[in-house]
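# Structural features, examined
Letter by letter, the chains look like this.
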Protein chains: 2
Amino acid sequence: MAKAATVYDVAKHAGVSIATVSMTFRRPERVRPSTRDLVLAAARALHYVPSASARGLADGRTGVLGLFSFDYLLPVEVDEGADPDEDCRDFPLYVDEIQRGMELACRRHGYALLIGGPSRVGGAGNLTDIAGHVDGLAVFPQTLPAEALERIAGRIPVVAVSEPPDDDRLSHVTVDNRGGMRAVTEHLIRAHGRRDLLFVGGLNPAEGRDRFAGFQDAVRAAGLRVPREPLVPRTRALPGGRAAVVLPADLPLPEAFVCATDDVALDLLEILAGRGVRVPQDVAVTGFDGIVAGRVVRPSLTTVRQPMAEMGRVVVDILRGRLDDPGRAPVFRELPVRVVLRESCGCGPR
Amino acid sequence: MAKAATVYDVAKHAGVSIATVSMTFRRPERVRPSTRDLVLAAARALHYVPSASARGLADGRTGVLGLFSFDYLLPVEVDEGADPDEDCRDFPLYVDEIQRGMELACRRHGYALLIGGPSRVGGAGNLTDIAGHVDGLAVFPQTLPAEALERIAGRIPVVAVSEPPDDDRLSHVTVDNRGGMRAVTEHLIRAHGRRDLLFVGGLNPAEGRDRFAGFQDAVRAAGLRVPREPLVPRTRALPGGRAAVVLPADLPLPEAFVCATDDVALDLLEILAGRGVRVPQDVAVTGFDGIVAGRVVRPSLTTVRQPMAEMGRVVVDILRGRLDDPGRAPVFRELPVRVVLRESCGCGPR
DNA sequence: TCCGGAGATCTAAGCGCTTAGATTTCAGTT
DNA sequence: AACTGAAATCTAAGCGCTTAGATCTCCGGA
């Protein structure tokens, strides 16, 4: 790799000053066409690629948005050993779909997307390092040190995804967890006459609370008996690094399992199938999120779909808005959800 | 957003020099614990987040790898209008799986991943800008200006994915396209006795050539009649922005369609179903790539699977290798593929 | 021919960090 | 008490770019 050419090299080669070189790339219309051609020719000849670091340093913005992600299913402990072809992550997960939405939105607005996540080895993948690289940052729900987030939010706009607004300096994008859960639960009660419902908790406590509340709303409104406490399943690490739900062997069957997330619901379907329990005949099952895998399993999963691609878009919009107007206060957006009826609740195929 | 704190602010607040502040973060073991605590306290108090631009400028590396991607299915023309929830991209595509492999590999080695792609609006998402941000770059096959790639390759290591090695300065990672295609074709001939085979081309010309060659190898080796020229389907833009294959209405049915990619094969399955042609009874169909959607359709698609996650890993390894030893020459890695027999060729379910 | 002024180009001062190499500190000698 | 050398800290010089503001060019008009 030959020593990289800089503005200085290009300037000398073209017989102009570095300011003109810079101008040629930043504001071509302000330099005379003949000069412009000279500079561009020199740049080409020297294999000039402008340093984004230098640019970022000089003008204070990088043109990059960041996403600090987190694998629920593939924790950092997964290592080289695993056969990459047997990736359990066949279908895009919740976070993948949001990420995809961000990618598209970034592309549309001329931003690049920097993706990082917890990493043992240090390096630029860590939260603070990501933050140092970008103009704005999105973080997925997880136990990130609140102190670090606050610190970063004091420097660049930060939006927390799927994390109910707290009294912090972050923007928040969530969905109507309570309303959505209330709606599916009502469906089970009204359309399918299920009266003995068991709520199964998920992994994100904050969202889980809201969803449980929605569940209770529906149960109470129907005059059913005060719901049991949510069943909070234990999890077990699968060989692939995936977390699988574990249920007590003696769990009595309710008339319906109302799960806080699709992930849990899918595991539950598998467990039930293993025990010879028929869904939805013996027991109904519903999820929450609307991940692709839920459409593909048999029985297909009735669920509450979050508009994930749109969430990604909204995240980017919020970031852009706060970048345009740095004085703007943090934003909170709650997006609507949609109940998707499929087989696992007793509704027709798909 | 208050003006961001810098090393200078932290240094003053802690009563040390900026060198010490820097040292505290870069090489903590070299500063006395008491001083370190002082600096860290100041950093916390001031909400200090180090500027990655400044760091990158100063030490010449950013800790970021880049991926310049490209949506075959969602070209840049897709706009706000489309319902994001009806994203046709339900299942991860070829490029998504490789990207995922890169994400994991980057995380494992402490790199962050910067994702960009063609964008109309300019900004940091463009090829050269991405290049300026990263220590190494991967590009997906497409008609990227070769001149730009050469230029960038003169400054940082670049690896071209799924693009046969050319006489350039890029590293290349591909798979055994020819051998894989020969293998499925042989399977159709030997196991299913198909003798009238039609090859349907894909979108990437270079890979298509190798795959067609593999097809010809098998046909010739079986002593069958010289294969027709590949059928190169026209494509049509779907409302969602997806490119769909179009076949002539009067296309005579061979005994098997051997498709250059899964994408094309899946479209073909749909077209055939629409015409009431039964697969595999009336005609066999095979694909190439091993994308998830091929496992989920009915009939499930017999294909040649590329080790996509591993490709992503290899890409990162190559980049890392050339970063460690800048003198190293570009690398070429061809990975093996695996024939996956499913329903569409006449083999049992799944 | 000379002058004014718009447009093109240049000069020079940072942006915030890293890191040689210089300097200071300090515990241990003698 | 003076001296030593290792450890700790500091000084200062960039890294490559952007951008005010200064300067130069060059054309039309008097």
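Note that this is a predicted model, so its numbers are computed, not measured. (Residues numbered from 1 in each chain as written. Chains lettered and ligands numbered in written order. Predicted model: local features only at pLDDT ≥ 70, side-chain atom pairs only at ≥ 80, totals over all residues. Heavy atoms only, no water.)

## Quick look at the protein's contact with DNA strand D
The local shell around DNA strand D holds 25 residues, among which Val 7, Ser 22 and Tyr 48 of chain A together with Thr 20 and Thr 35 of chain B are the closest. Considering the 4 Å shell around the protein, atoms of DNA strand D inside it are sugar or phosphate in 65% of instances. In the model, a phosphate oxygen of DNA strand D is placed 2.2 Å from a nitrogen or oxygen of the Ser 22 of chain A side chain. Between DNA strand D and Ala 58 of chain B there is a distance of 3.4 Å, counted from a base oxygen to a backbone nitrogen or oxygen. (Near = heavy atom within 4 Å. Polar contact = N/O pair within 3.5 Å; in protein donor to acceptor, adjacent residues only side chain to side chain.)

## Let's talk about the side chain of Thr 303 of chain B
Residue and element names in this part refer to chain B. Here Thr 303 is to be found in strand S11 (residues 303-305). Of note is the side chain of Thr 303, whose polar atom sits 2.6 Å from the side chain of Asp 262. Residues in contact with Thr 303, not counting those within four places in the same chain, are Val 184, Asp 262, Gly 287, Phe 288, Asp 289, Gly 290, Arg 338, Val 339, Val 340 and Arg 342. (Helix = DSSP H or I, 4+ residues; strand = E, 2+ residues; numbered from the N terminus. Contact = heavy atoms within 4.5 Å.)

## Points about the environment of Val 314 of chain A
Residues and elements named next belong to chain A. Inspection of the secondary structure assignment puts Val 314 in helix H12 (residues 308-324). Taking the relative accessible area as the measure of exposure, Val 314 reaches 6% and is therefore buried. C-alpha of Val 314 to C-alpha of Met 102: the two residues are 212 residues apart in sequence and 8.4 Å apart in space. Dropping the residues within four chain positions of it, Val 314 is found in contact with Val 173, Arg 333 and Leu 335. (Buried < 20%, exposed > 50% of the residue type's maximum accessible area, 1.4 Å probe, protein only.)

## Quick look at the pattern of salt bridges
Within the structure shown, the criterion is met by 28 salt bridges over all chains. A salt bridge links Arg 55 of chain A to Asp 129 of chain B; its shortest N-O distance comes to 2.9 Å. Taken as a pair, Arg 55 of chain A in helix H4 (residues 52-59) and Asp 129 of chain B in helix H6 (residues 127-133) lie in two separate chains rather than in one. A salt bridge links Asp 325 of chain B to Arg 328 of chain B, with the shortest nitrogen-to-oxygen separation between them at 3.8 Å. Given the relative accessible area of 35%, Asp 325 of chain B is considered partly exposed. On the basis of relative accessible area, Arg 328 of chain B is assigned to the partly exposed category, the value being 38%. Taken together, the shared-partner salt bridges in this structure form one network comprising Arg 182, Glu 186 and Arg 190 of chain A. (Salt bridge = Lys/Arg side-chain N within 4 Å of Asp/Glu carboxyl O.)

## Focus on the protein's contact with DNA strand C
Of all residues adjacent to DNA strand C, which total 26 residues, the nearest are Thr 20 and Thr 35 of chain A together with Val 7, Ser 22 and Tyr 48 of chain B. When atoms of DNA strand C within 4 Å of the protein are sorted by moiety, sugar and phosphate together comprise 65%. At 2.2 Å, a side-chain N or O of Ser 22 of chain B approaches a phosphate oxygen of DNA strand C. Tyr 48 of chain B places a side-chain nitrogen or oxygen 2.5 Å from a phosphate oxygen of DNA strand C. Of all the elements in the fold, those that place two or more residues in the surface near DNA strand C are helix H2 (18-26) and H4 of chain A together with helix H1 (7-14), helix H2 (18-26) and helix H4 (52-59) of chain B. Looking at which element gives the most residues to the surface near DNA strand C, the answer is H4 of chain B, with five residues. The residue makeup of the surface near DNA strand C, split by class, is 14 nonpolar, six polar and six charged. (Nonpolar A, V, L, I, M, F, W, Y, C, P; charged D, E, K, R; others polar.)

## Remarks on the packing of aromatic side chains
Scanning the model with the defined rule gives nine aromatic pairs over all chains in all. The lysine or arginine in question, Arg 211 of chain A, covers the ring of Phe 288 of chain A, its NZ or CZ lying 3.9 Å from the ring centre. (Phe/Tyr/Trp six-rings, centres within 6.5 Å; stacked < 30°, edge-to-face > 60°. Lys NZ or Arg CZ within 6 Å of the ring centre and 35° of its normal.)

## Points about the sheet that holds strand S9 (residues 256-259) of chain B
Either a parallel or an antiparallel arrangement is found when strands of a sheet pair, and the pairing is made through backbone hydrogen bonds. Residue and element names in this part refer to chain B. Read across the open sheet, the three strands follow the order S6-S9-S10; overall the sheet is parallel. Each edge of the sheet is formed by a strand with only one pairing partner; in this case those strands are strand S6 (197-200) and strand S10 (284-286). Averaged over all neighbouring strand pairs, the angle between strand axes comes to 15°, with direction disregarded. Across four bridges, S6 lies against S9 in parallel orientation. (Pairing = 2+ DSSP bridges. Axes fitted to C-alpha atoms, helices over the stretch in contact; angles between N-to-C directions.)

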